[in-house]
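Close look at the chain arrangement
Now for the letters of each chain:
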Amino acid sequence: MLFRSRTAMTTRLALPQSRLARLALLVAVAILFVLLTGLIDGHKGVAPLRLLIQPKFPLANALPGLLLGGLLLLLSRRLLWSFGLAYLLQAVLYGVNALKVENLGTPLMPADFRMVGQLRKGGFHLLAGYLPHSPWPYLALLAGLAAIIALWHFEPPLFARRTRGKRLVGGAVLAVTLGSLLAGSSAWAGFYNGRTLWLEPWSAASTTIHSGLVSSLLMFHIQYGHAKRKADPAAVKQLLAQNEPALQQHMQMPATPASALPDIVVIQSESFFDPANLRGYERTDFTPNLRRLQAEGTSGPLYVPTFGGGTIRTEFEVLTGLSLRYFEDMQFPYLQMNRKLVPSMVRALNARGYETVAIHGNDPAFWNRTTAFKALGFDRFVSRAQFPANAAMDGKYMADSAMTDEIMDQLKDSGPPQFLFAISIEAHGPYDVEPANTAERDAIHVPAGIEGKEKLELQDYIYHIQHADHELGRLAALLAKRSRPTLLLFYGDHLPALTNVYHTLGFVDGGNMLSEPGTWLLVDPAHPGKAVHEDIASWMLPGKLLDTAGIHDDAYFALTQLLVPQLARLTRAPGAPLSDESSGQQQVDTDMASVALLRMKGKLNKLMPAPATTTIIAGNAQNAEPPAASPGKAKLAR
């Protein structure tokens, strides 16, 4: 025992004894921390040499880590251990950011931290798929932990335990300072802003390149995390007055009799887009069923508010008709909705007697869908547990064929009209999991320039998209044979996160991956019509669908249809630069923001300018209790 103690004493790190020398060591470690933070960040704005040229950029980026290291020092009295642990935690943050950039093409944003709560709600198995497969990152993390443990054991205290209250006061000051910074206190807005640093409100990527990851997170958190847009009732009145004649005419279109209302099936197809939009695939036809049905219905480019992930952003827009452009603080709507009743297409259909059912072959708690679907008005939620135990799987997730089977099982030939909203998952990334038929996957052609990992991922993606297209064709054929009229809406929620493929091949139209549209299709399978091409945004789809079904009694959805030509192309993935708007577009866009805010709050009815219009819109039950369920309707279930 004595031998071990003496060995430990002789192997402990030696620290300077004089107060001045200890202070110099502390300053040196702090400067080293700033330099290493710039090094791990890797962007030119906070590179180590910037400390000599423009010190506020690297200092601002390293400040939270410095504060944490200082707080740990006062608690532990160990200098290297404290700043080493702070740097290790910072390195983990940068590692997560690198994974997001690699898979989604965009850096971390403050709202991404809401995903932590999803890890225990069925999300770990999905998010774990994006973790690196190489052992080196894990070995590096273990080495860092080993170093921290060694420092705790061998590093002597920098100062005495008793400091006559100085440690307590200093710790309190650092804790409050760090806490206010992480909470996004407005007191920091004078430093973490676009004038002092570099903030591009439309692009987290550009901000990160110039200001560093940590600074960009803080700036977006401080500048927009607590910002609440305020509606302008006068602007809403003016917009409604300008559109009142067209709105009245639209609302007075012949309505479908209740006895003839069609069943409605909506397919939100995971990551679906036509590969023919990529250079090198112009003459391919991986989606023959989509092309055939496009010749029989309405279709075109679909502009969505997300890229590579964030499915619920598009899903929220389609179900509510509300553009997330007007809710800047709501990055993950289902995790941030704080209203028990949310105006939606679902409620509009409930008011017309529809039974409304959501279908998704995944854990219902992930993305908080169980709670969100209740707020949106769904009668039932058929999730993974309600699918047959032998439901087909392909790759990591449930096959689209199983979803088609469940849709047909849910549809009834009698009773009230039905609205089925089905969310596929087969084509969800990452695209490095072996599919059920590897020979089919390996036979897929890949353009020159795509090799290795990117080649395999592209083949996996197209393999699953071909299945999605096949199931679209199968579902349309089955619906065409039904005795009841049925409308089919099909769309992709976002482009897949094949960022390296996009950079190598590029798009046929010359666009970029953030602003490249997906695709949508609306068709009556039993009664094919003429092909109609229409650009549309995801938040305008419910108005289009209701119109086609002959349901015109919700003035908000009618208004979205009147503004389609002006506003459709303004929907973009986060971080995508907006196209130049004319002054007229800007005004309509600004006014529509106020309309959306009032709609969400259930206050839009009060601003209707004329009794006739008020009467028409009053039936939309924006924030009222949902209509009583028909006999036999089941409650929303997990």
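Residues numbered from 1 in each chain as written. Predicted model: local features only at pLDDT ≥ 70, side-chain atom pairs only at ≥ 80, totals over all residues. Heavy atoms only, no water.

1. Some remarks on the overall build of the protein chain
For the record, the criterion: The numbering of helices and of strands both runs from the N terminus, where a helix is a DSSP run of H or I of at least 4 residues and a strand a run of E of at least 2. To sort residues, take the accessible area from a 1.4 Å probe on protein chains only and compare it with the maximum for the residue type: under 20% means buried, over 50% means exposed, and anything in between is partly exposed. Here, Shrake-Rupley sampling with a 1.4 Å probe gives the accessible areas, and only protein chains in the shown set may cover a residue.
For the protein chain, the count of helices and strands is 25 helices and eleven strands. Looking at the protein chain as a whole, 53% of its 638 residues are labelled buried. About 28,000 Å² of surface is accessible on the protein chain, with carbon and sulfur atoms providing 61% of the total.

2. Comments concerning the pattern of salt bridges
Going by this rule: Salt bridge, as used here: a side-chain nitrogen of Lys or Arg that lies within 4 Å of a carboxyl oxygen of Asp or Glu.
Applying the stated criterion to the full structure yields 17 salt bridges. The residue Glu434 makes a salt bridge to Arg441 at a minimum N-O spacing of 3.4 Å. You can call Glu434 partly exposed: its relative accessible area is 46%. Close ionic contact of Glu471 with Arg474 constitutes a salt bridge, the shortest N to O distance being 2.9 Å. Placement of the pair is Glu471 and Arg474 together in helix H19 (residues 452-480), with a separation of three residues, close to one helical turn. Using a relative accessible area of 10% as the deciding quantity, one classes Glu471 as buried. Residues joined by salt bridges that share partners form a network here, namely Asp263, Asp413, Arg482 and Arg484.

3. Some words on the side chain of Gln418
To keep things clear, this is the line we draw: Here a polar contact means two N or O atoms within 3.5 Å. Within protein one must be a hydrogen donor candidate and the other an acceptor candidate, and residues neighboring in sequence count only if both atoms are side-chain atoms. Contacts: residue pairs with any heavy atoms within 4.5 Å of one another.
Inspection of the secondary structure puts Gln418 in strand E7 (residues 418-423). For Gln418, a relative accessible area of 2% corresponds to the buried category. At 3.1 Å, the side chain of Gln418 forms a polar contact with the backbone oxygen of Gln410. Setting aside residues up to four positions removed in sequence, Gln418 forms contacts with Pro262, Asp263, Ile264, Tyr354, Glu355, Gln410, Leu411 and Lys412.

4. As for the pairing of strand E1 (residues 263-269)
Strand residues, when the strand is regular, have side chains that alternate between the two faces of the sheet. Basically, it comes down to this: Pairing between strands is defined by DSSP: at least two bridges between the two strands are required.
Summarising burial for E1: seven of the seven residues are buried, a large majority. Relative to strand E8 (residues 486-492), E1 is paired through seven bridges, and the arrangement is parallel. Within E8, the residue paired with Ile264 across the bridge is Leu487.

5. Some remarks on the nonpolar core
The condition that has to hold: Grouping buried Ala, Val, Leu, Ile, Met, Phe, Trp, Tyr and Cys residues that are joined through side-chain atoms within 4.5 Å yields what is termed a nonpolar core.
The biggest cluster of nonpolar side chains holds 76 residues, and the ones touching the most others in it are Phe419 and Met592. The leading source of residues in this core is helix H24 (residues 583-601), at eight residues. Not counting chain neighbours up to four residues away, the residues in contact with Phe419 comprise Ile264, Val266, Met345, Val346, Leu349, Tyr354, Glu355, Thr356, Val357, Phe378 and Leu545. In this structure, Tyr397, Met403, Phe490 and Ala573 belong to the second largest nonpolar core, which totals 52 residues.

6. Overview of unusual backbone geometry
A cis amide bond, omega 0°, links Gly429 with the succeeding residue Pro430. Along the polypeptide, Pro430 turns up in the loop between E7 and helix H18 (438-442). A positive phi angle, close to 70°, is found at Arg77, a residue other than glycine. If you trace the backbone, Arg77 turns up in the loop between helix H4 (56-76) and helix H5 (79-104). Arg77 sits in the buried class, given a relative accessible area of 12%. One non-glycine residue, Ser271, adopts positive backbone phi at about 55°. Structurally, Ser271 can be placed in the loop between E1 and helix H12 (288-294). On the accessibility criterion, Ser271 (1% relative accessible area) is buried.

7. Remarks on the packing of aromatic side chains
Worth spelling out the cut-off: Note on ring pairs: Phe, Tyr and Trp rings are taken, using the six-membered ring of Trp, and paired if centres are within 6.5 Å. Classes follow the plane angle, with under 30 degrees stacked, over 60 edge-to-face and the rest tilted.
In the structure shown here, the tally under the stated rule is 19 aromatic pairs. Summarising the aromatic geometry, the rings of Phe378 and Phe419 are spaced 6.2 Å apart at their centres and angled 15° between planes, so their arrangement reads as stacked. Taken together, the positions of Phe378 in the loop between helix H16 (369-376) and strand E4 (380-382) and Phe419 in strand E7 put the pair 41 residues apart, joining distant regions of the chain. The residues Phe378 and Phe419 share a single accessibility class, namely buried. Judged by centre distance (5.7 Å) and plane angle (65°), the ring pair of Tyr556 and Phe557 falls under edge-to-face.

8. So, the packing of helix H9 (residues 204-211) against helix H10 (residues 213-224)
For clarity, the threshold we go by: Only the stretch in contact is used when fitting a helix axis, every axis being a line fitted to C-alpha atoms; angles between N-to-C directions are given from 0 to 180 degrees. For classification, angles of less than 35 degrees are called roughly parallel, those exceeding 145 degrees roughly antiparallel, those between 65 and 115 degrees roughly perpendicular, and all remaining angles oblique. By convention the crossing between two helices is left-handed if the near helix lies anticlockwise of the far one by an angle smaller than a right angle, and right-handed if it lies clockwise.
One way to put it is that H9 packs onto H10 with a least axis distance of 7 Å and a crossing angle of 130°. It follows from the interaxial angle that H9 and H10 lie oblique. By crossing handedness, the relation of H9 to H10 is classed as right-handed. For the pair H9 and H10, the contacting residues are Ala204, Thr207, Thr208 and Ser211 in the first and Leu213, Ser215, Ser216, Met219 and Phe220 in the second.

9. Details of H16
Burial analysis of H16 places six of its eight residues in the buried class, the great majority of the element. Residues of H16 that are buried: Arg369, Thr370, Ala372, Phe373, Ala375 and Leu376. Among the residues trailing H16, Gly377 stands out with phi positive, at a value near 105°.

10. Observations concerning the side chain of Ser82
Tracing the sequence through the fold places Ser82 in helix H5. One polar contact links the side chain of Ser82 to the main-chain carbonyl oxygen of Arg78, over a distance of 2.5 Å. If we skip the residues at most four places from it in the chain, Ser82 touches Gly69, Leu72, Leu73 and Ser76.

11. Focus: helix H21 (residues 541-548)
In terms of residue burial, H21 counts as a mostly covered element, since seven of its eight residues are buried. Listed as buried for H21 are Leu541, Pro542, Gly543, Lys544, Leu545, Leu546 and Asp547. Following H21 by one or two positions, Gly550 adopts a phi angle in the positive range, close to 80°.

12. Concerning a nonpolar patch on the surface
For clarity, the threshold we go by: In this analysis, a patch consists of residues with relative accessible area above 30% that form no salt bridge, clustered at 9 Å for like charges and at 5 Å for the nonpolar side chains Val, Leu, Ile, Met, Phe, Trp and Tyr.
The grouping of Val92, Val96, Trp136, Leu139, Leu141, Leu142 and Leu145 at the surface amounts to a nonpolar patch, some 670 Å² of accessible area in total. The set of elements that each furnish at least two residues to the nonpolar patch consists of H5 and helix H7 (136-154). Of all the elements, H7 adds the most residues to the nonpolar patch, at five residues. On the basis of relative accessibility, which here comes to 54%, the residue Leu142 falls in the exposed class.

13. Some words on the packing of helix H13 (residues 311-320) against H16
To be explicit about the condition: Amino acids are sorted into nonpolar (Ala, Val, Leu, Ile, Met, Phe, Trp, Tyr, Cys and Pro), charged (Asp, Glu, Lys and Arg) and polar (every other residue, Gly among them).
The contact between H13 and H16 brings their axes to 12 Å, and the two run at 15°. Taken as axis vectors, H13 and H16 run roughly parallel relative to one another. When the axes of H13 and H16 are compared, the crossing they make is right-handed. Taking contact as the criterion, the partners of Thr311, Ile312, Glu315, Leu319 and Thr320 in H13 are, on H16, Arg369, Phe373 and Leu376. Taken together, the residues of the contact of H13 with H16 break down into four nonpolar, two polar and two charged.

These results come straight from atomic positions and should not be treated as a statement about function.
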